[in-house]
Amino acid sequence: MSQIKLDDLKERINRFPRQRLISLPTPFLKLKNLSRHLGGPEIYIKRDDLTGLAFGGNKSRKLEFIIADALGQGADAIVTWASLQSNWCTQTAAAAVRFGLKPVLILFRTSDIVPEYDGNLLLDYILAADIRIKEAEKRKVVSEEFARNSFEEVIQELKKGGRTPYAVSVGGSMPGFSMKNPLGAISYVAAFVEMIEQARADRVNITHIVHATGSGATQAGLVVGAKALDEKIQVIGISVSDEKQAFARTVFEICGATQRALAIKSGILKEEIFVFDEYIKNGYGILNREVAEAIRLLFTKESIVLDPVYTGKAMAALIDLVQRGYFKKNDTVVFLHTGGTPALFPYRQMLTQLLEEEKK
Ligand SMILES: *Cc1c(COP(=O)(O)O)cnc(C)c1O
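Residues numbered from 1 in each chain as written. Predicted model: local features only at pLDDT ≥ 70, side-chain atom pairs only at ≥ 80, totals over all residues. Heavy atoms only, no water.

*Asks:* Would you mind showing me how to read the domain arrangement of the chain here?
*Replies:* Note on interface size: it is often stated as the accessible area lost on association of the parts. What the domain assignment lists for the chain is domain 1 (6-57 + 182-359) and domain 2 (59-172). Computed over C-alpha atoms only, the centres of domain 1 and domain 2 are separated by 23 Å. Taken together, the contacts link 42 residues of domain 1 with 34 residues of domain 2. Carbon and sulfur atoms supply 60% of the area buried between domain 1 and domain 2, which totals about 3,200 Å² over both sides. (Domains from an automatic or database assignment. Contact = heavy atoms within 4.5 Å. Buried area = accessible area lost by both parts, 1.4 Å probe.)

Next comes the structure, spelled out in structure tokens:
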């Protein structure tokens, strides 16, 4: 197998231009109280919610590379899309303004929640991002096919207005439009390297990583990093939107593009992409009792706040996997906290309702 050394992998990542935006490394800590409470494997957390850009999150790692790429292409605007309370869009807008790029956000209404200036949408508003709200199918993440017409229209409009827009698809994951390389995933290969260095320094032998997966680059980057360094770590993506076959295909595709970009040859098999879709439950962005309880559990045991759409679902999944005996007692599981906490506030009604029911 063509495994490579850590310094070599770092050097390959460093060939891609990068703008410093965030504070790294993010903390890597043991969740002592949670591990004891669940009585299963040792659980650690990688706190990518603490990247420091507009409340933090995994998207800010991606944007270090994406903003550098946009500036390299002479762009003066960045245009992307996602759902109304998108962490990706807020993080993109926050990164863009610092480098003088105009943020243009196409926000699709994927839930029946009436748009108010709250959570991420409030942040977008304060940033004075150019916001375009569009209707979309509910309880699902908008696909590229669905978003494409609105997207192309806005790109053309910006060009007519004399702008040079940098266009990037949802989550900064799938290469295409202005982003020719899978920069989002490359940033998560770098995150994997960062975490492995922390784990090695602390003599922690990671066996699994559990995280919320959405547009695919986070999982692809972690899988490529683990494979390249020959670390026997199972990366488990908890889908918050798509069924697992479709999602695993997306991750697999991004893995391939990432390996090509970094000239890594190690073969990744489709069977090595682990996606669980049974925690989506009622759909994208829809809470359930297990999620509300997981959010409360992590906050009360470890003083760490999760979000309702991504990390709350991923933590509910992790708890369920521990309870179902998925892990061995001597495994070490890392929960990757991918951020998203501003979305907690627009969900206050659903969340308090579910926690009230729990009491009865
Ligand atoms: C976008 C997002 C994810 C998923 O990351 P992808 O790289 O899009 O798969 C997970 N958690 C949060 C909080 C996010 O905003």
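From this point, the narrative continues.
*Asks:* So what exactly am I meant to see when it comes to the pattern of salt bridges here?
*Replies:* Side chains that differ in sign of charge can pair as their charged atoms come close. This structure, assessed with the given rule, holds 24 salt bridges. Between E194 and K46 there is a salt bridge, with the nearest N and O atoms lying 2.6 Å from each other. With E194 in helix α7 (residues 183-201) and K46 in strand β2 (residues 42-47), this residue pair connects regions lying 148 residues apart in the sequence. Relative accessible area serves as the criterion here: at 12%, E194 is assigned to the buried category. By relative accessible area, which is 2% here, K46 ends up buried. Of the charged contacts in the structure, one is a salt bridge between E144 and R148, with a shortest N-O distance of 2.6 Å. With E144 and R148 both in helix α6 (residues 144-160), this residue pair falls four residues apart, about one helical turn. Accessibility expressed as a relative area gives 34% for R148, which makes it partly exposed. If you follow the salt bridges from partner to partner, you end up with K46, D48, R61 and E194 in one network. (Salt bridge = Lys/Arg side-chain N within 4 Å of Asp/Glu carboxyl O. Helix = DSSP H or I, 4+ residues; strand = E, 2+ residues; numbered from the N terminus. Buried < 20%, exposed > 50% of the residue type's maximum accessible area, 1.4 Å probe, protein only.)

*Asks:* Please explain the pairing of strand β7 (residues 208-213) as it appears in this structure.
*Replies:* Buried residues dominate β7, accounting for six of its six residues. In terms of handedness, the path from β7 via helix α8 (residues 217-228) over to strand β8 (residues 234-239) forms a crossover that is right-handed. Direction of pairing for β7 relative to strand β10 (residues 332-337): parallel, over a ladder of three bridges. Counterpart to I209 in the pairing with β10 is V334. (Right-handed = clockwise from strand over helix to strand, strands pointing away. Pairing = 2+ DSSP bridges.)

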